[in-house]
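These are the residues of each chain, in order.
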Amino acid sequence: MGGIVVFGAGGRAGRAVTAEARGRGLEVTAVVRDPARYPDLAAEGVTVVRGDVTDAGATGAVARGRVAAVHAVSPFSGPEPGFDALDPDFFVKAADALLDGLAEAGVGRLVAVGLFADLLGTDGQPVMDDPVAFPAAIRPFALAHTAGLARLRAAGDGGVDWVVLTPGGGLEQDAPRTGRYRLGGERAPGGAQVLSYADLAVAVLDEIETPTRHRTRVSVLS
Ligand SMILES: NC(=O)c1ccc[n+]([C@@H]2O[C@H](COP(=O)([O-])OP(=O)(O)OC[C@H]3O[C@@H](n4cnc5c(N)ncnc54)[C@H](OP(=O)(O)O)[C@@H]3O)[C@@H](O)[C@H]2O)c1
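Residues numbered from 1 in each chain as written. Predicted model: local features only at pLDDT ≥ 70, side-chain atom pairs only at ≥ 80, totals over all residues. Heavy atoms only, no water.

**Quick look at the site of the ligand**
What surrounds the ligand is a group of 27 residues, the closest being Arg 33, Tyr 38, Ser 77, Phe 116 and Tyr 197. Between Ala 13 and the ligand, the recorded distance is 2.7 Å, taken from a backbone N or O atom to an oxygen atom. Note that an oxygen atom of the ligand is positioned 2.6 Å from one of the side-chain N or O atoms of Tyr 197. Surface burial for the ligand is 91%, taken as the share of its 910 Å² of free accessible area covered by protein chains. Under a 2 Å grid-point criterion requiring more than half of the atoms, the pocket assigned to the ligand is the largest pocket. Broken down by secondary-structure element, the contributors of at least two residues to the shell around the ligand are helix 1 (12–23) and helix 4 (139–154). A breakdown of the residues in the shell around the ligand according to their chemical character gives 14 nonpolar, nine polar and four charged. (Near = heavy atom within 4 Å. Polar contact = N/O pair within 3.5 Å; in protein donor to acceptor, adjacent residues only side chain to side chain. Areas by Shrake-Rupley, 256 points an atom, 1.4 Å probe, with all protein chains shown as cover. 1 Å grid on protein atoms, 1.4 Å probe; cavity = no way out; pocket = protein on both sides within 12 Å on 5 of 7 lines; lining within 4 Å. Sits in = over half its atoms within 2 Å of the grid points. Helix = DSSP H or I, 4+ residues; strand = E, 2+ residues; numbered from the N terminus. Nonpolar A, V, L, I, M, F, W, Y, C, P; charged D, E, K, R; others polar.)

Shown next, in the form of structure tokens:
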């Protein structure tokens, strides 16, 4: 299999995906906005390049020749003092740039990391609508994420076969890789769920190497 391109490669999910890909012998184009800020990323099989996930020209150019792309970008690394600086269209712009850029570059598969907040609760409403389950202060970020998901869904049967993998609860950076996970549906699982970034990355790479979900969003459970 050819290599992959990882947008947000310097972040927690991006690093986990890069490590998992390297563990499977896949080459990685690691996309960051400012390579000088990530001197530790370059390694055997990892090429660090500059790129912004909201720039369609850039996404296509850095992805060309790769078999799949991973969208592990977040405009905020949190905790944030507020979301005044958040562009509510950030994830829509990223979706547009990825769908257009990847199609143009002939990259047929996109795996994106979603946000727990827009899974559905037991009442059928998004988790973010329940102020007990989800802090209202983070709602603008959740809405922006959800708009990006809607944009992917609106693409229909376009040239890029995308899937959004949404953690079914919290994500933990230091939790170990177990290699185990389950894919769920649109519903948030009951009870506390914590998934390691490393196991999320296992799911991401599995959906690249052996795709099982197409043009849909699913939850990833530990
Ligand atoms: N429980 C959950 O559902 C849950 C929990 C955590 C995260 N997530 C989701 O998982 C995804 C990854 O999150 P994470 O925790 O890995 O985030 P992170 O550690 O904050 O990393 C995000 C990365 O995105 C990069 N970035 C920001 N703007 C960019 C742009 N315009 N173009 C390219 N790269 C850009 C940042 O790098 P620079 O700023 O250096 O460019 C950063 O390295 C996000 O979608 C996040 O919402 C979900």
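**Brief notes about unusual backbone geometry**
Backbone geometry at Arg 215 places phi at a positive 50°, although glycine is not the residue there. By the secondary structure assignment, Arg 215 is in the loop between helix 5 (197–209) and strand 10 (216–221).

**As for helix 3 (residues 90–105)**
Here helix 3 is 16 residues long and its end C-alpha atoms lie 22 Å apart, about the 22 Å a rise of 1.5 Å per residue gives. Within the sequence span of helix 3, burial applies to Phe 90, Phe 91, Val 92, Ala 94, Ala 95, Ala 97, Leu 98, Leu 99, Gly 101, Leu 102 and Ala 105. Looking at the packing, one finds that the buried side of helix 3 touches strand 1 (4–7), helix 2 (56–63), strand 4 (68–71), strand 5 (109–113), helix 4 and strand 6 (161–167). The positive-phi residue at the C-terminal boundary of helix 3 is Gly 106, with phi of around 75°. (Expected span 1.5 Å × (residues − 1). Buried < 20%, exposed > 50% of the residue type's maximum accessible area, 1.4 Å probe, protein only. Contact = heavy atoms within 4.5 Å.)

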